[in-house]
Amino acid sequence: MSEKTDKNVQAGKAATADTAGGTEQRRLSVFKTYKLYVGGKFPRSESGRVFEVTDSGGNWLANAPLSSRKDARDAVVAARKAFGGWAGATAYNRGQVLYRVAEMLEGRREQFASEVADAEGLSQAQAAAQVDAAVDRWVWYAGWTDKIAQIVGGGNPVAGPFFNLSSPEPTGVVTVLAPQESSFLGLVSVLAPVIATGNTAVVIASEKAPLPALSLGEVLATSDVPGGVVNILSGRTAEIAAPLAAHQDVNAIDLAGADEALAKELEITAADNLKRVLRPQPVDDWAATPGTDRMTAFLETKTVWHPTGSLGASGSSY
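Because the structure is predicted, anything quoted here is derived from the model rather than measured. (Residues numbered from 1 in each chain as written. Predicted model: local features only at pLDDT ≥ 70, side-chain atom pairs only at ≥ 80, totals over all residues. Heavy atoms only, no water.)

Visitor: How do you make sense of the overall build of the protein chain when you look at a structure like this?
Guide: Across its full length, the protein chain holds eleven helices and ten strands. Buried residues in the protein chain amount to 43% of all 318 residues. A sequence separation of at least 24 residues applies to 73% of the contacts in the protein chain between residues at least 6 apart. When the accessible surface of the protein chain is split by element, carbon and sulfur atoms take 52% of a total near 16000 Å². (Helix = DSSP H or I, 4+ residues; strand = E, 2+ residues; numbered from the N terminus. Buried < 20%, exposed > 50% of the residue type's maximum accessible area, 1.4 Å probe, protein only. Contact = heavy atoms within 4.5 Å. Areas by Shrake-Rupley, 256 points an atom, 1.4 Å probe, with all protein chains shown as cover.)

Here it is, written out as structure tokens:
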């Protein structure tokens, strides 16, 4: 060992030792403060309340914000403000943005695997597999953004001198109740198709395991997703979902994370302004190929009729 290296080693040992008694100094960990994600920012809950989040064994993990009705209304305002720009972006551009989210998640794979393992009581290997599947799911939906129109739109054959074209358009602001058991892969599976098709979202994170969802907000903030396109709330699912189901500026609601009683209650409330409602669907394996159903659930179809006109005395038309 060189003299210079030996001096560095000795200096390092001295830095970890108490100068008086020679005892090792222990560094205190910096606990993470989890916040909401609304309008591209990280506010604390307007209520000032928090609730304890525990792992599968009942051990304390963190305090998460306990969202209020005011937080829910603020999230809807942010989602509505972002809707025009996001819906007006090209499908190709939305695909690029979703792919960028996948890139950012890949870089924070270990963090999310640790959070998922704690939240769902999985081994590190199982949790890492869940995170990998979630990243792949973002990539999958990124590839669909500029293709879904070819599946659900196109030219329609009509009897008459008309062009008749149908094209899909986003529904608007969508409230998403994230699945309770699958804290990350399930969340991505219900959120990604909503924004891939040009909608904006207000997400209610899993009540029992909200931390992966709140961390996802940090990824979205540092990717290319415009602020307000995705807004993430944590707290009591029923407490937050009720005002969102009744909100006149929410166009649709996905009840994936609601139990049977809550789903029925929210569906009745949502009927007041004719919201689109996606009822809870039993999912055996969130990692299975999802199909296009969740994308088409929040699309409207616009059909345009246009007269063809004649091209000369022969009566031919185009």
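Visitor: For this particular structure, what's the right way to read the nonpolar core?
Guide: A general feature of soluble globular proteins is that nonpolar side chains tend to end up buried together. Among the nonpolar cores identified, the biggest contains 62 residues, and Leu105, Trp138, Phe184, Ile195 and Val203 are the most heavily contacted of them. Here phenylalanine 184 is in contact with Leu105, Phe112, Val116, Glu120, Val131, Ala134, Pro212 and Leu216, once residues within four sequence places are set aside. By size, the runner-up hydrophobic cluster in this structure holds 24 residues, among which are Ala72, Ala78, Ala79 and Ile204. (Core = buried A, V, L, I, M, F, W, Y, C linked by side-chain atoms within 4.5 Å.)

Visitor: Please clarify how the pairing of strand S7 (residues 230–233) should be interpreted in this entry.
Guide: Looking along a regular strand, one sees side chains alternate from face to face of the sheet. The two faces of S7 match: Val230 and Ile232 on one face and Asn231 and Leu233 on the other face are all buried. Handedness of the crossover is the feature at issue here: the chain leaves strand S6 (residues 200–204), passes through helix H8 (residues 211–221), returns alongside S7, and the resulting connection is right-handed. (Right-handed = clockwise from strand over helix to strand, strands pointing away.)

Visitor: So what exactly am I meant to see when it comes to the environment of proline 307 here?
Guide: Among the secondary structure elements, proline 307 is positioned in strand S10 (residues 299–307). Linking proline 307 and phenylalanine 163, residues 144 residues apart in sequence, is a C-alpha distance of 6.2 Å.

Visitor: Is there a simple way to explain the packing of helix H9 (residues 237–246) against helix H10 (residues 260–270) in this structure?
Guide: The relative placement of two packed helices is expressed as an angle between their axes plus a distance between the axes. In the contact formed by H9 and H10, the axes pass within 8 Å of each other and the chain directions differ by 20°. With respect to H10, the axis of H9 lies roughly parallel. Considering how the two elements wind past one another, H9 and H10 form a crossing that is right-handed. Of the residues in H10, those touching H9 at Thr237, Ala238, Ala241, Ala242, Ala245 and Ala246 are Leu262, Leu266, Thr269 and Ala270. (Axes fitted to C-alpha atoms, helices over the stretch in contact; angles between N-to-C directions. Parallel < 35°, antiparallel > 145°, perpendicular 65-115°, else oblique. Left-handed = near helix turned anticlockwise from the far one by under 90°.)

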